[in-house]
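Listed here are the chains, written in short residue letters.
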Amino acid sequence: MDGVIIQARTGSTRLPGKILLPFYGEKRIIDIQIEAIRAACPGMRIVLATTTRRQDNVLADVARQMEVDCYRGSEDDVLGRFIGAAEQFGINRLIRVCSDNPFLRADSFQALLEAHDCQPADYVAFGWPDGRPTIKSHIGLFAELTTLDALRRAASLTDEQLYHEHVTIYLYTHPEAFSVRLLPLPTGLESRQDLRFTLDTPDDFSLLGSLYAEWYEKTDRSLSALLQTVDARPEYLERMRENIKRNEK
């Protein structure tokens, strides 16, 4: 079975509870993501994978409210948490989503699935011309595809904290052991490493909230419209560049 697993917790050090703060009107980032995934992938299983910490009880409540599945596992062993979530809900092929990306392009999931159908690999993602997957940047627009089998193999090969804290990093940094396929970015993004649509800090939240409202209310909500909206606002780009400098990947 295919499924989407959203990695979420409230314990961010830079902006605690960021995915539960009102972001656009009364909508929270987690609401926006789940609605986008449902619209793009109707019928696909969605699992909110959070931690067993008491402070994340609220995310289990969110899952119930949004009528998605919930899995609770280790805060630090996120790789183990994903394996547990996939096992519990019978997911063999999964799209991994980071919950701090309000501009997530859920309409790109189909490209990942189709690429995997045509040429199966342990890891499929969009990638930059220099060979880095988008997860290793600030773009915050795309997810990653992997399999339960690949995650299990990664867990069996390493006990290093880095590789258990970051779910897919062992896969794409060990191409001798895992098959990796990177897809070209959509037109207009290939050289845009000056963009930051991921959200970590209060300044990100303020900037992206303003951008989201303008893009959502005044455009057709396409990727090209998002880029045009940013490029028409030099102050947005300047703040993004500054936040990229402050928040190294």
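For the structure itself, look to the data block above.
I will try to describe carefully the structure that is included in this document.

What counts and what doesn't
- Residues numbered from 1 in each chain as written.
- Predicted model: local features only at pLDDT ≥ 70, side-chain atom pairs only at ≥ 80, totals over all residues.
- Heavy atoms only, no water.
- Pairing = 2+ DSSP bridges.
- Helix = DSSP H or I, 4+ residues; strand = E, 2+ residues; numbered from the N terminus.
- Axes fitted to C-alpha atoms, helices over the stretch in contact; angles between N-to-C directions.
- Buried < 20%, exposed > 50% of the residue type's maximum accessible area, 1.4 Å probe, protein only.

1. Concerning the sheet that holds strand 8 (residues 144-147)
(1) Moving on: Read from one edge of the open sheet, seven strands run 5-4-1-6-8-7-9, paired in mixed fashion. Two strands close off the open sheet at either side, each with one partner strand: strand 5 (69-73) and strand 9 (180-184). The sheet shows a mean angle of 25 degrees between the axes of neighbouring strands, direction not considered.
(2) Moving on: Sheet analysis places strand 7 (residues 123-127) next to strand 8, joined by three bridges and oriented antiparallel. Among the inter-strand pairings, A125 is bridged to a residue of strand 8, identified as E144.

2. Some details on unusual backbone geometry
(1) Moving on: One non-glycine residue, E67, lies in the positive phi region at around 60 degrees.
(2) Moving on: Within the secondary structure, E67 is located in the loop between helix 2 (57-66) and strand 5.
(3) Moving on: Of note, the phi angle at R221 is positive, near 65 degrees, even though the residue is not glycine.
(4) Moving on: On the accessibility criterion, R221 (38% relative accessible area) is partly exposed.

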